[in-house]
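Chains, contacts and geometry: an overview
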Amino acid sequence: MNIHESPLTSFELSPPRWSGDALSLRFEMREQGLTAVPAAGDAFGAITVDLGSASVERRVAQGRGGLLAKALLPSADQPMPLVWDVTAGLGRDAMTLARLGCEVVAFERHPFLGLLLLDGHRRALLRDDATGEAARRLTVRIEDASDALSRVAQETPVDDQARRPDAILIDPMFPEGKNKAAVKKEAVLLRMLVGEGARPHEDEALLKAALEAARWRVAVKRPLKAPKILDTPPPQATFKGKSVRVDRYACQGRSIPNSRS
Ligand SMILES: C[S@@+](CC[C@H](N)C(=O)[O-])C[C@H]1O[C@@H](n2cnc3c(N)ncnc32)[C@H](O)[C@@H]1O
């Protein structure tokens, strides 16, 4: 029996307390990497983190014209920022920013998702291409970013550019969609795993903590028509795509990144 067939590489998880539906999920070590699959089978979706996926490539191809780049990158003559992605999920945004040249620390608080991300990162590090090179600018941390944000805000001087992130990205869970049938199976499975829908109080607290921690700017991804997470301060700028927008907040009185020598 080879490792891909071994029953030892798959096991079941108990249903999450927030889901009305029983979720029986297995982890399998497949050819493409560690994969989370519902016990009911792949027809109900499967999650493997692929940091070299077509969706990352599409975002990278937009270069400085993409929403994240517009919100988070300085002008081309400035050094690239250190970005904390405090809601890493499947790591697509984190990897896009690393591919564009940022140093990125990606935080994921859900341990199962964190392990999938860590496995995706490990495979990306083995590659001898732009994905591998960018993976070396990326660090994955399986922890709740709120703790790291308050630690850095309390313990580190505002101008400590070695330890403070220059910029922070927040991509909270979207509110439950009206048209569930239109949501991709992978997204449904992701929601079942980490919990359904938006949590406004948590999002508000995370944004406040990020504004305290970042040296320069904070960007928040939202569904196009969703309300702002905070009424004040207002975003400094908003960048709109077809279905999402990115609100950018300035961290008052703080300078753009200097060279990290
Ligand atoms: C919408 S997904 C992010 C998708 C991600 N931007 C991507 O490109 O794949 C939100 C993720 O943030 C995680 N999350 C939410 N709050 C967090 C926190 N305080 N610290 C770390 N992770 C958090 C959730 O577990 C979930 O996996």
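Note that this is a predicted model, so its numbers are computed, not measured.

Criteria and cut-off values
- Residues numbered from 1 in each chain as written.
- Predicted model: local features only at pLDDT ≥ 70, side-chain atom pairs only at ≥ 80, totals over all residues.
- Helix = DSSP H or I, 4+ residues; strand = E, 2+ residues; numbered from the N terminus.
- Axes fitted to C-alpha atoms, helices over the stretch in contact; angles between N-to-C directions.
- Left-handed = near helix turned anticlockwise from the far one by under 90°.
- Contact = placed C-beta atoms within 7 Å.
- Nonpolar A, V, L, I, M, F, W, Y, C, P; charged D, E, K, R; others polar.
- Buried ≥ 20, exposed ≤ 12 C-beta atoms within 10 Å, placed from the backbone.
- Near = placed C-beta within 6 Å.
- Pairing = 2+ DSSP bridges.

**Things to note about unusual backbone geometry**
Backbone torsion omega between Thr232 and Pro233 reads 0 degrees, so that peptide bond is classified as cis. Tracing the backbone through its elements, the reader meets Pro233 in the loop between strand S7 (217-223) and strand S8 (237-240).

**So, the environment of Glu28**
Note that Glu28 resides in strand S1 (residues 25-30). Sequence spacing of Glu28 and Thr48 is 20 residues, and the spatial spacing of their C-alpha atoms is 9.8 Å.

**Focus on the packing of helix H6 (residues 145-155) against helix H8 (residues 200-213)**
Close contact between H6 and H8 brings their axes to 8 Å; oriented N to C, the two are set at 30 degrees. As for how H6 packs across H8, the hand of that crossing is left-handed. For the pair H6 and H8, the contacting residues are Ser146, Leu149, Ser150, Val152 and Ala153 in the first and Ala205, Leu206, Ala209, Ala210, Glu212 and Ala213 in the second. For the contact of H6 with H8, the per-class residue count stands at 8 nonpolar, 2 polar and 1 charged.

**Digging into the environment of Ile229**
Along the chain, Ile229 turns up in the loop between S7 and S8. Residue classification places Ile229 among the buried positions, given that 21 C-beta atoms sit within 10 Å. As for Ile229 and Leu206, which are separated by 23 residues in sequence, their C-alpha atoms are 9.8 Å apart. Ignoring any residue separated from it by four or fewer positions in sequence, one finds Ile229 in contact with Asp203, Glu204, Leu207 and Val220.

**A word on the site of the ligand**
Around the ligand, 19 residues are found, and the nearest of them are Thr87, Gly89, Arg92, Arg109 and Ala145. Looking at the shell around the ligand, the elements that each hand over two or more residues are helix H3 (92-99) and H6. For the shell around the ligand, the class distribution of residues is 8 nonpolar, 5 polar and 6 charged.

**Focus on the sheet that holds S7**
Ordered by their spatial adjacency, 7 strands build an open sheet running S5-S4-S3-S6-S7-S9-S8, and the pairing between neighbours is mixed. Bordering the open sheet on either side are strand S5 (138-141) and S8, each of which pairs with just one other strand. Adjacent strand axes in the sheet meet at a mean angle of 20 degrees when their direction is disregarded. Here S7 pairs with strand S9 (residues 244-250) via 7 bridges, running antiparallel. Bridge pairing links Arg217 to Ala250 in S9.

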